[in-house]
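# Geometric and topological summary
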Amino acid sequence: MLCLPVRYIFGWLFTINPANVKPEAQEAVRVYRRSCYDALYQHFFGTQKRQLEQNRAEIALLEELADLNQQQQQLKQTIADKRKKLEQLRNERLKNEPQLFD
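Residues numbered from 1 in each chain as written. Predicted model: local features only at pLDDT ≥ 70, side-chain atom pairs only at ≥ 80, totals over all residues. Heavy atoms only, no water.

A separate point is the overall build of the chain. Within the chain one finds two helices and zero strands. The C-alpha radius of gyration computed for the chain amounts to 37 Å, which surpasses the reference 13 Å derived for 102 residues by more than 25%, pointing to a less compact arrangement than a globule. With the principal axes as the frame, the chain shows a C-alpha extent of 120 × 30 × 10 Å. For the chain, the residues scored as buried account for 6% of the 102 residues in total. When the accessible surface of the chain is summed, it comes to about 9,900 Å², and 59% of that surface belongs to carbon and sulfur atoms. Here the chain contributes 16 positively and 13 negatively charged side chains, and the mean placements of these two sets differ by 7 Å. (Helix = DSSP H or I, 4+ residues; strand = E, 2+ residues; numbered from the N terminus. Rg over C-alpha atoms; globule rule 2.2 N^0.38 Å. Buried < 20%, exposed > 50% of the residue type's maximum accessible area, 1.4 Å probe, protein only. Areas by Shrake-Rupley, 256 points an atom, 1.4 Å probe, with all protein chains shown as cover. Lys, Arg positive; Asp, Glu negative; His and termini not counted. Charge placed at Lys NZ, Arg CZ, Asp CG, Glu CD.)

Now the structure itself:
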């Protein structure tokens, strides 16, 4: 007796040529083979397609982060400039106040 592991049965069925079966079963074999082709395509190409979509999403997020980091740097520079101006104004104001003791 020859046995085929269960995990290989569907692959083995895929190898059956529709011309080698009874005429009433030929269409069922063709449908099964098309289903196998579709399943293989979805498995391999679908995985690749999902990976490409994930890569696009990751790139978009990285670009957004880069933009936000640039905005953050610009804001930090603006804050530093405003603080410097404020310090200059305070220093000028203190210089213009009259001195009690000279």
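As enumerated under the stated definition, the model contains two salt bridges in all. Arg30 is the salt-bridge partner of Glu27, the closest N and O atoms lying 3.7 Å from each other. Note that Glu27 and Arg30 are positioned in helix α2 (residues 23-96) at a spacing of three residues, about one turn of the helix. With a shortest N-O distance of 3.3 Å, Glu27 and Arg34 are connected by a salt bridge. Because the salt bridges share partners, they merge into one network encompassing Glu27, Arg30 and Arg34. (Salt bridge = Lys/Arg side-chain N within 4 Å of Asp/Glu carboxyl O.)

Fair warning: the whole summary comes from geometry, so function is off the table for now.
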